[in-house]
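Commentary on secondary and tertiary structure
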Amino acid sequence: GLQSYTGSNGPQKLLNDLVSRYCPTLKDGDNKRKKREIKEARRQLALLFALLEARQPVQTISQLLAEIDNGRIGSANVTTSPDQTFSNVADLVVVLPPPLAPNCTQAVASVKWEPFGKLVGINIISGGSGYDTPPKVYVGDVEGTTKVKNGQVT
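Scope of this entry: the structure provided in the associated data block. Keep in mind that this is a model prediction, so the values were computed, not measured.

The rules behind each value
- Residues numbered from 1 in each chain as written.
- Predicted model: local features only at pLDDT ≥ 70, side-chain atom pairs only at ≥ 80, totals over all residues.
- Heavy atoms only, no water.
- Helix = DSSP H or I, 4+ residues; strand = E, 2+ residues; numbered from the N terminus.
- Expected span 1.5 Å × (residues − 1).
- Buried < 20%, exposed > 50% of the residue type's maximum accessible area, 1.4 Å probe, protein only.
- Contact = heavy atoms within 4.5 Å.
- Axes fitted to C-alpha atoms, helices over the stretch in contact; angles between N-to-C directions.
- Parallel < 35°, antiparallel > 145°, perpendicular 65-115°, else oblique.

1. Observations regarding helix α3 (residues 58-69)
- Between its first and last C-alpha, α3 extends 16 Å over twelve residues, near the 16 Å set by a 1.5 Å rise per residue.
- Of the positions making up α3, those classed as buried are T60, I61, L64, A66, E67 and I68.
- Its buried side turned inward, α3 meets α1 (10-22) and α2 (32-50).
- Following α3 by one or two positions, N70 adopts a phi angle in the positive range, close to 50 degrees.

2. With respect to the packing of α1 against α3
- For the pair α1 and α3, interaxial distance at closest approach is 10 Å and the crossing angle is 25 degrees. Relative to α3, α1 is oriented roughly parallel. Listed contacts from α3 to Q12, L15, N16 and V19 of α1 are T60, I61 and L64.

It is worth stressing that arrangement in space is one thing and function is another; only the former is reported here.
What follows is the structure, encoded as structure tokens:
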């Protein structure tokens, strides 16, 4: 019974066990009905555990909801100053955060440059999956040092 779910991590352990039992990872070959049932099971578990007043497993609830929403990046707006340029654009990369939901794909993007190193945009190569809110996107050097902050993506 529920006696094995006591203590401060009891709700988290119970939610993890229920998710592993009733919410398997969706596969491309799954039929629509199975996908719908798994998504509904995730939604019901998130709602149920959100009702807890104490020891609410917030991170896991957020991950469940992100898997249901399955958000992806569609576009990015550049918000740099108009006169900002970079001398070595070959060393700059787009840094996108991983999705909140596990077993989802990270978005991939590249930068668009004008001659002489002016950043003019971001190409979304793959929108990824499993995002729950529009993430911040950064353009940085290969080591990850932030050079330019870009606006929220949609």
